[in-house]
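Given next are the chains, with one letter for each unit.
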Amino acid sequence: RIFDNVFSNIVKYADKDHIEISMKIIDHQLTMNFTNTIKQVSFKEESTNIGLKSMEKMLHQMNGTLFTSSDEHIFSLKLMIPLLK
């Protein structure tokens, strides 16, 4: 469900020519970074941020964390998910 929300948001809001996804595993923790340029369209599709809130709640239940940052051009999302030892 978390990844469904991430990729759904990319489809809705990202400029498809400027998307970066990276991941790494350090000390039994998966860190995934998603960065994209925000799509510039003639109409503004408003977000309720319910998807981000849902992801944050799901990650919290798994002892994970979610960080976001944005400005008018760039959106970044970081997921940190602990892995089983």
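Further remarks concern the overall build of the protein chain. When helices and strands are tallied, the protein chain shows two helices and four strands. Each helix and strand of the protein chain, ordered N terminal to C terminal, gives the series α-β-β-α-β-β. For the protein chain, the spread of C-alpha atoms along the three principal axes comes to 50 × 25 × 20 Å. Put simply, the protein chain has 85 residues, and 24% of those count as buried. Sequence-distant contacts, at least 24 apart, represent 56% of the contacts inside the protein chain between residues at least 6 apart.

What follows concerns the side chain of N5. Mapped onto the elements of the fold, N5 is located in helix α1 (residues 2-13). We classify N5 as buried; its relative accessible area is 8%. The residues contacting N5, other than those within four sequence positions of it, are G51, S54, M55 and M58.

Turning our attention to the sheet that holds strand β3 (residues 65-70). Strand order in this open sheet of four strands is β1-β2-β4-β3, and the pairing throughout is antiparallel. The outermost strands of the open sheet, each flanked by one partner alone, are β1 (14-26) and β3. Taking each pair of neighbouring strands and ignoring which way they run, the sheet shows an average axis angle of 10°. In this structure, β3 lies alongside strand β4 (residues 74-82), joined through six bridges in antiparallel fashion. The residue of β4 that forms the bridge with F67 is K78. On top of the sheet, α1 reaches β1, β2 (29-38) and β4; it is set at about 155° to β1, its chief contact.

What counts, and at which threshold
Residues numbered from 1 in each chain as written. Predicted model: local features only at pLDDT ≥ 70, side-chain atom pairs only at ≥ 80, totals over all residues. Heavy atoms only, no water. Helix = DSSP H or I, 4+ residues; strand = E, 2+ residues; numbered from the N terminus. Buried < 20%, exposed > 50% of the residue type's maximum accessible area, 1.4 Å probe, protein only. Contact = heavy atoms within 4.5 Å. Pairing = 2+ DSSP bridges. Axes fitted to C-alpha atoms, helices over the stretch in contact; angles between N-to-C directions.

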